[in-house]
Amino acid sequence: MLASSSFHGGPCSHLAHPTASRHHKPYFRVTKPHPVSPVCAFLSSRRITSNRFKIRALNRESDDATASGKEARPFFPNLHTVKIPVGDRYITVETGQIGRQASGSVVVKDGETIVYTSVCMSDVPSEPSDFFPMSVHYQERFSAAGRTRQVSCFGGFFKREGRTKDHEVLICRLIDRPLRPTMLKGFYHETQILSWVLSYDGLHSPDSLAVTAAGIAVALSEVPNTNTVAGVRIGLIGDKFVVNPTTMEMEDSKLDLLLAGSESGILMIEGYCDFLPEEKLLQAIEVGQDAVRAICKEVDNLVKKCGKPKLLDSIKLPPPELYTHVEEIAGDELVKVLQIKNKVPRRKALSLLEEKVLSILTEEGYVSKSETCVGAEITPDMLEDEDEEEEFVVDGEFDEGDVHIKPVLKKPVPTFYSEVDVKLVFKSVSSKYLRKRIVKGGKRSDGRTSEEIRIIDAECGLLPRAHGSALFTRGETQSLAVVTLGDKQMAQRIDNLVGVEDIKRFYLQYSFPPSCVGEAGRIGAPSRREIGHGTLAERALEPVLPSEVDFPYTIRVESTITESNGSSSMASVCGGCLALQDAGVPLKSSIAGIAMGLVLDTKEFGGDGTPLILSDITGSEDASGDMDFKVAGNDDGVTAFQMDIKVGGITLSTMEHALLQAKEGRKRILAEMLKCSPPPSKKLSKHAPLILVMKVKPEKVNLIIGSGGKKVKSIIEETGVESIETQDNGTVKITSRDLASLEKTKVIISNLTMVPIVGDVYRNCKITSVVPYGVFVEIVPGREGLCHVSELSPDWLSKPDDAFKVGDIVDVKLIEINEKGQLRLSRKALLPDQGTDKPNENQTTAGVSKDSGSPQKYANKSKPKQSSNTPKGDVDKVPEGTFTKRYIGSRKNEPKTSSNQSETDASSDSGSALVNGEAQVG
C-alpha cells in the first residue's frame, strides 16, 4: 500500500486517460464520459478530490519561488513571509505554517541553512524568583547535513542525537544572554525556547541565525518583553567588515564577533580576534549595531501584522510600599554591613540581616513610621477622661449644647507580607545601597576606587609531577592551572555537521566546585557556565600558542577555581598563561584578562548621571551592577571578549570607555604577572613525553605501517615507545618517555625508509631464510634482499643449505634493484679473489653494526663518485686504505659527524627534529 502511486497522490491508471502522461496533461482528464454507478461516482469524486489536493503539494516549489515570499494558503491562513536584507544577501523569516500551537514559532533561512525556533510557556505561574524562569535548548540535527550520528563505541547502535555538545551549549548561552534583560520583571510563567537546525549548507553559520530566530519568536509570542532582539556575526576580511560572513570567508578573517541587541542598544557581544586594537573592535561593534537595528525594524513590522497580545496582566510585582519598609528596618545596618571587606563575613552578616527583616515583615508584622491616625486633629481640650460617667439622653430629648465631637483613635494595624516578596525586595534594596556607596561614597565594598585592581600573587611549579602548574590569586579569586602535554592521541575530537573530523590540539577545561565559594553542592557533569567560561579562556590564550610545526604537542589546560569572588574566568586566563610558560610552551607573549562592571544611572545614587565603569569587579558588584564585560589580551590588542548587559542596552560611547579602562587594567595585571615567584621554568618538564618529528618520502609511509598496521605495532613493542603517528605528507611523529627508545625507533624507521644504492656494502647481516635458489639476507631491520646461490661463493654450490643456515652473519653488496624495488645481493663480490671491480677512494659501502643507534654519515663529499674497471689480477696491488666507508647506523666509540648529503645519500629523504626540552636536533 505504501508503494502505491494512488496512495501517494500519483495518477490512477483506471481513471486517467492513457495519453495524459505522454502529453503532460493534468491528471484525471476524461475525454469521453462513461456511465458509472452512484457508488463508483462517489468513490471517484473522493479520489479526485484527494489527488487534486496532493497535486497542489507537488507544485510547492513554484510557489516558493515567488519574489515576495509565500502567500497565505487556504490551509495556513496565517502564513506570513518576509525577506530582510542582512549584509550582502537576504534572510527569509516565515511564521504561521510550522509549530502553530506554540506561543510563537518561526523558520529563518539563510541560503540553504534553516533554523526552526519555538517559544512556549506554562499555563500556571511558578513561584516568584529574582531569576526569570527561562530555559533555552539548541540542537544541530545531523540530518540537516545528510548525516547520521557517528559513534565509535558500542558498535554504532546509538544513532539518535545524544546529550548536548559543548558548542551547542555555547549557542544556547548566546541565545539566552541577550533575551533575558528584555524580559519584564514579575512574569513567572516558565518559558522554554527550542531551536533546531533543520538544514545546513556548510556556508552559512546557524549560530547567529538562531539568535535572530529566537528574538523573533519571542517578539511574536505572548511572553511580555521590552524590545525585539536580533543577532549578527561580524568578520574582518582585509580591512573590510563583513556582516554574517560565510564559513569560507571566516577562514581569512581576523575577527569573529557575534553581537546581539535591539534598536535601543547593545545587549550582548562575544568574540575572538588576533590582537585587534580597541579602535578596530569599536568599529566592528558599530557595524554590527547598524545591522541589528535594520533587522529589528523589519521584525517590528511583522509583529504588528501577526504578533500575539502580551500577557501583561500576569505580571505580579511586590507592593511598592514594601521597599520603603525594608529601608526603614534595615537601611542603617545595610550601610555598615556593606563596608565589610571580606566576602564570607559580609555574606553571613547580610544573611542574618535578611532573617531579621523576614521575621518582622512576615511573622511579627510591621507598622510604618510614617503612618498617622485617620480623623480630626487631636487637641488637649478634646481629650476626655475615660473614667468620666457617660450621659444618657432620653429618646426625643437632647440639648444641642451637650453634643461633643469625640475623635475616634484608630490603633495602627501591623502589615504582613509574603516571604518571597520580602526576599526580592531585600535583594533589590541591598543592590541599591551598594550602588549608592560606590557612586556617592567613591568606595567599593573592599575599599577600592573604581579603577583600582585587587592585590595579585602568582606562583609557578608548585606541583612537581605535573608538566606545568601555576597558582594565580587576585583578591579573593584564585585559580589553580595545570598543563598536560601529550601526542595526537590526547587531542579532543569533535563530531560536527560538516562531517570532517575536527581535532583540537589545545583545549582548556574550567571547573567551578561549590567549595570555592564556601558552600556544599552537587558535583557532576560540567555546567553550561563552566563550559562557557572555559571556552572564553581557551580562545583568549589560543592566539599566542606556537604552531604544530614548532611545538608538536597536544596541550591540555585545567583551571580549577579554588576561591571565587568575581572574574574567575579571567583568573583562568592569567593562571593558564603562567602554567603554559612553566610547562615550556614557547608562547608568543603573555596574556591577561580583566572583568569590568558598570553603574549606568548614577544620577539616581547621587552622581552626575555619567555611567561609572568599575575595573576588576567582585561577585557582589557583578550581581548588583548593570554589566559584566570580560576582556583578555596583551599590551598590543585584544584576543577575546564577552559582555553581558542586565539593562535595556548600552551605547557605543559607554563601551568605548569600558574598553579603554580595561586596557589600562590589563597592563597592570601583566606587570604583576612578571613578578611571579617562583617564575615559570620555560622548559619542558622531565616528566613530559619526548616527541621526535621525522620526514620521509610519502610513498615510504606504508613501509612503516605495514600490512594491517603490523609493522608499526611491532616497532612499538620492540622499542617501547608510546606511539608512532604517520601522516600522508611523510611526517612521522614518535612519542616516548625516554631518549633511548626514541633513538632506537628512529634508526629502525630510517632503515625502513632509506633509498638503497647499487654498490653499497652491508656488513654483519643476518640470513633470515634459506631457499633452494639462494638465501634472504636482512641488510637493515625490516629490509631484505635475495643473494642468489651463484652469488654466495666463488666455488660452485649445489644447494645453499650445504654452506649456510638461518642466523648466519654475512657481508653482502647490493648489485641490482629491479623494477619492483626488490634487492639483489652478492656475497661473492666481496671475497678477496673476486675483486673484478676496483673501487676508487670515493666509493662507499654501507652496513649496520650490531650496536646501532641514530644514523650517522661518514661519506666524503669533496669529490663526485667515479667508477673504473680493473683487471682481475690487479686487485692485490690495491693499497690498503683506498676505501672510504659510509655506515648506516653508528658504531661504539665513534664520534658523530655531519655533512651535507647529496640526493643519492641513503638518508637524503628524511629529516628529524627532537623536542626534548631545550634542544631540537635536526
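Calculation criteria
- Residues numbered from 1 in each chain as written.
- Predicted model: local features only at pLDDT ≥ 70, side-chain atom pairs only at ≥ 80, totals over all residues.
- Heavy atoms only, no water.
- Pairing = 2+ DSSP bridges.
- Helix = DSSP H or I, 4+ residues; strand = E, 2+ residues; numbered from the N terminus.
- Axes fitted to C-alpha atoms, helices over the stretch in contact; angles between N-to-C directions.
- Contact = heavy atoms within 4.5 Å.
- Parallel < 35°, antiparallel > 145°, perpendicular 65-115°, else oblique.
- Nonpolar A, V, L, I, M, F, W, Y, C, P; charged D, E, K, R; others polar.
- Salt bridge = Lys/Arg side-chain N within 4 Å of Asp/Glu carboxyl O.
- Buried < 20%, exposed > 50% of the residue type's maximum accessible area, 1.4 Å probe, protein only.
- Polar contact = N/O pair within 3.5 Å; in protein donor to acceptor, adjacent residues only side chain to side chain.
- Phe/Tyr/Trp six-rings, centres within 6.5 Å; stacked < 30°, edge-to-face > 60°.
- Left-handed = near helix turned anticlockwise from the far one by under 90°.

Student: Before we move on, can you summarise the sheet that holds strand S17 (residues 554–563) with the specific residues and values?
Tutor: The strand order S11-S12-S13-S17-S16 describes an open sheet built from five strands, whose pairing is mixed. At either margin of the open sheet sits one strand with a lone partner, and together these are strand S11 (456–460) and strand S16 (506–511). Each strand axis lies, on average, 15° off the axis of its neighbour in the sheet, ignoring direction. As judged from the seven bridges shared by strand S12 (residues 468–474) and strand S13 (residues 477–486), these two strands associate in the antiparallel manner. Residue Ala 470 lies in a different strand from S13, and its bridge partner there is Ala 481. Along the sheet, helix H11 (residues 568–582) contacts S11, S12, S13, S16 and S17; its crossing angle with S12, the most-contacted strand, is approximately 145°.

Student: Account for unusual backbone geometry, naming residues and giving values.
Tutor: At the junction of Ser 677 and Pro 678, the peptide bond is cis and its omega measures out at -5° in the coordinates. Note that Pro 678 resides in the loop between helix H13 (652–673) and strand S22 (690–695). The phi dihedral of Asn 244 falls on the positive side, at around 50°, and the residue is not glycine. Following the sequence through the fold, Asn 244 ends up in the loop between strand S8 (240–243) and helix H5 (247–250).

Student: Any chance you could break down the packing of helix H3 (residues 166–179) against helix H10 (residues 528–541) for me, citing the residues and the numbers?
Tutor: Remark: H3 packs on H10, axes separated minimally by 9 Å, with the N-to-C direction vectors making an angle of 95°. One finds that H3 runs roughly perpendicular with respect to H10. For the pair formed by H3 and H10, the contact residues are Asp 166, Val 169, Leu 170, Cys 172 and Arg 173 on the first element and Arg 528, Arg 529, Ile 531, Gly 532, His 533 and Thr 535 on the second. The class makeup of the residues in the contact of H3 with H10 is four nonpolar, three polar and four charged.

Student: So what about the sheet that holds strand S29 (residues 823–826)? Which residues, and what values?
Tutor: Within a sheet, each strand pairs with its neighbour through backbone hydrogen bonds, oriented either parallel or antiparallel. Taking strand neighbours around the barrel as the criterion, the five strands line up as S25-S26-S27-S29-S28 in a closed arrangement whose pairing is mixed. When strand polarity is set aside, the average angle formed by the axes of neighbouring strands in this sheet is 55°. Across five bridges, strand S25 (residues 761–771) lies against strand S26 (residues 774–780) in antiparallel orientation. Of the residues in S26, the one forming a bridge with Val 770 is Val 775.

Student: Please set out the pattern of salt bridges residue by residue, giving values where relevant.
Tutor: For the structure shown, the criterion picks out 34 salt bridges. In this structure, the salt-bridge partner of Lys 165 is Glu 168, at a minimum N-O distance of 3.5 Å. Owing to a relative accessible area of 2%, Glu 168 belongs among the buried residues under this scheme. Several salt bridges share partner residues, and in doing so they unite Asp 446, Arg 448, Arg 454, Arg 474 and Asp 616 into one network.

Student: I'd like a description of the side chain of Ser 826, backed by residues and values.
Tutor: Summarising the element assignment, Ser 826 is placed in strand S29. Residue Ser 826 is classed as buried on the basis of its relative accessible area of 1%. Of the polar contacts made by the side chain of Ser 826, one reaches the side chain of Glu 791; its length is 2.6 Å. For Ser 826, the side chain forms a polar contact with the main-chain nitrogen of Lys 828, separated by 3.4 Å. When sequence neighbours within four positions are dropped, the list of residues in contact with Ser 826 reads Cys 787, Glu 791, Asp 811, Val 812, Lys 813 and Ile 815.

Student: Let's hear about the packing of aromatic side chains: which residues, and what values?
Tutor: Counting across every chain of the model gives five aromatic pairs. Measuring from ring centre to ring centre gives 5.6 Å for Tyr 116 and Trp 196, while their planes differ by 10°; the resulting arrangement is stacked. With Tyr 116 in strand S4 (residues 113–121) and Trp 196 in strand S6 (residues 191–199), this residue pair connects regions lying 80 residues apart in the sequence. According to the relative accessible area criterion, Tyr 116 is buried, its value standing at 11%. An angle of 15° between the planes, with centres 6.4 Å apart, marks the rings of Tyr 510 and Phe 512 as stacked.

Student: For the packing of H10 against H11, give the residues involved together with the corresponding values.
Tutor: The geometry of H10 relative to H11 is characterised by a closest axis approach of 9 Å and an angle of 45° between their N-to-C directions. As far as their axial angle goes, H11 and H10 are oblique. Note on packing geometry: the crossing formed by H10 with H11 is right-handed. Across from Arg 529, His 533, Leu 536, Ala 537, Ala 540 and Leu 541 in H10, the residues of H11 making contact are Ser 568, Ser 569, Met 570, Ser 572, Val 573, Gly 576, Cys 577 and Leu 580.

Student: How would you sum up the environment of Pro 526? Please name residues and give values.
Tutor: Here Pro 526 shows up in the loop between S16 and H10. Along the backbone, Pro 526 and Asp 166 are 360 residues apart, and their C-alpha atoms lie at a distance of 9.8 Å.

Student: Describe the environment of Ile 91, and please don't skip the residues or the numbers.
Tutor: Relative to the helices and strands, Ile 91 resides in strand S2 (residues 89–95). Since its relative accessible area comes to 3%, Ile 91 is described here as buried.

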